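Coordinate analysis (summary)
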Amino acid sequence: EAGVVQSPRYKIIEKKQPVAFWCNPISGHNTLYWYLQNLGQGPELLIRYENEEAVDDSQLPKDRFSAERLKGVDSTLKIQPAELGDSAVYLCASSLGTGVPYEQYFGPGTRLTVT
Amino acid sequence: TQLLEQSPQFLSIQEGENLTVYCNSSSVFSSLQWYRQEPGEGPVLLVTVVTGGEVKKLKRLTFQFGDARKDSSLHITAAQPGDTGLYLCAGGFSGGSNYKLTFGKGTLLTVNP
């Protein structure tokens, strides 16, 4: 069974440009997460979806970040405009449900470099 | 905000040595998870502990959840180069449907052959 798929794997953009990341979760997983991982840090939750509904977006900087999960499957995370401090790895994860015992499966991430 | 502190931050050892990494918080968790992350990959779940004092073993890895559910440790026996990676602990807080994981900064382990 395929794991969580993310694209692109790497992205280099200039500051003030827009950027978008795509995530395809494991088939049948209703819960989808976007995390931000800075160098030398653990992942930090940006947003969690239950099907197509964003149930926790309290950590999402809504002035420049947006996300959508149309039809409750694939998801896109967008940054517009990007800032130097946005350079990080953006991880997508999915799970069958929320909480223990539902394991979160992570994708390989998109490494964003803003110059 | 619930903070998890991991120690040590970096650890470099020789193959065959034993090691322990720690995860501490001032908050009580409903669950505690350990993940391992390799370069260019996402974290992979190793274990989940939910009961204070719980001990789980996974081959050469032993995980313990503190009695007060505020801390945890990961012990690796006879480390091998394949154990190299970033070990992350993550505390779970359960608030109905708002279960949330808070990750520590991780321990970067290097096992030299």
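Read on for a plain summary of the structure. Computed from a predicted model, the values in this text were never measured in an experiment.

Cut-off values and rules
- Residues numbered from 1 in each chain as written.
- Chains lettered and ligands numbered in written order.
- Predicted model: local features only at pLDDT ≥ 70, side-chain atom pairs only at ≥ 80, totals over all residues.
- Heavy atoms only, no water.
- Disulfide = S-S within 2.5 Å.
- Helix = DSSP H or I, 4+ residues; strand = E, 2+ residues; numbered from the N terminus.
- Buried < 20%, exposed > 50% of the residue type's maximum accessible area, 1.4 Å probe, protein only.
- Core = buried A, V, L, I, M, F, W, Y, C linked by side-chain atoms within 4.5 Å.
- Phe/Tyr/Trp six-rings, centres within 6.5 Å; stacked < 30°, edge-to-face > 60°.
- Contact = heavy atoms within 4.5 Å.
- Pairing = 2+ DSSP bridges.
- Buried area = accessible area lost by both parts, 1.4 Å probe.
- Salt bridge = Lys/Arg side-chain N within 4 Å of Asp/Glu carboxyl O.
- Polar contact = N/O pair within 3.5 Å; in protein donor to acceptor, adjacent residues only side chain to side chain.
- Nonpolar A, V, L, I, M, F, W, Y, C, P; charged D, E, K, R; others polar.

Moving on, we get to the state of the cysteines. Taken as a whole, this structure holds 2 disulfides over all chains when the rule is applied. Residue pairing for C23(A): its cysteine sulfur links by disulfide to C92(A), the two sulfurs lying 1.9 Å apart. Here the S-S torsion is close to -70°, and the disulfide linking C23(A) with C92(A) is therefore left-handed. Of this pair, C23(A) sits in strand β3 (residues 19–24) while C92(A) sits in strand β9 (residues 88–95); the two residues are 69 residues apart in sequence, bridging distant segments of the chain. Side by side, C23(A) and C92(A) carry an identical accessibility label, which is buried. Paired by a disulfide, C23(B) and C89(B) hold their sulfur atoms 2.0 Å apart.

Ranked by size, the top nonpolar core spans 22 residues in total, and within it F21(A), W34(A), L46(A), L77(A), I79(A), Y90(A) and L112(A) carry the most contacts. Those elements giving two or more residues to this core turn out to be β3, β4 (31–37), β5 (44–50), β8 (75–79), β9 and β11 (110–114) of chain A. I13(B), L61(B), Y87(B) and F93(B) belong to the second-largest nonpolar core, a separate cluster that totals 21 residues.

All right, on to the packing of aromatic side chains then. For the structure on display, the rule yields 9 aromatic pairs over all chains. With centroids separated by 5.9 Å and ring planes inclined at 90°, the aromatic side chains of F106(A) and Y35(B) adopt a geometry described as edge-to-face. Here F106(A) is found in strand β10 (residues 105–106), whereas its partner Y35(B) is found in strand β4 (residues 31–37) on a different chain. There is no split in this pair, since F106(A) and Y35(B) are both buried. Relative to F103(B), the ring of F106(A) has its centre 6.3 Å away and its plane inclined at 80°; by these criteria the two rings are edge-to-face. Of this pair, F106(A) sits in strand β10 while F103(B) is found in strand β10 (residues 100–103), placing the two residues in two different chains. Accessibility classification places F106(A) together with F103(B) in one group, the buried group. What links up through ring pairs into an aromatic cluster is the set Y33(A), Y35(A), F106(A), Y35(B) and F103(B).

Moving on, we get to the side chain of T76(A). Residues and elements named next belong to chain A. Positionally, T76 belongs in strand β8. Given the relative accessible area of 18%, T76 is considered buried. The contact partners of T76, leaving out residues within four places of it in the chain, are A20, F21, W22, W34, S66, A67 and E68.

With that settled, the discussion passes to the pairing of strand β8 (residues 71–76) of chain B. Residue and element names in this part refer to chain B. In terms of strand pairing, strand β3 (residues 19–24) meets β8 through 6 bridges, oriented antiparallel. Bridged to Y22 within β8 is S73. Of the pairings in the sheet, the one linking strand β7 (residues 61–65) to β8 comprises 5 bridges and is antiparallel in character. Looking across to β8, one finds that F65 is bridged to S72. The antiparallel hairpin formed by β7 and β8 contains 5 residues in its connecting segment, where R69 sits at a positive phi of about 60°.

It is common to give the size of an interface as the accessible area lost on bringing the parts into contact. With 21 residues of chain A in contact, the opposing surface of chain B contributes 20 residues. Of the roughly 1,500 Å² buried at the junction of chain A and chain B (both faces included), carbon and sulfur atoms supply 53%. Taken as a group, P43(A), V100(A) and F106(A) account for 26% of the area that chain A buries against chain B, more than any other trio of residues on that side. Applying the counting rule to chain A against chain B returns 1 salt bridge. The salt bridge involving D56(A) is made with K100(B); its shortest N-O contact spans 3.0 Å. In this assembly, chain A and chain B are joined by 5 residue pairs in polar contact (both at pLDDT 80 or more). Going through the elements one at a time, β4, β5 and β6 (53–56) of chain A are the ones with two or more residues in the side of chain A that touches chain B. Its residues placed into classes, the side of chain A that touches chain B shows 8 nonpolar, 9 polar and 4 charged.

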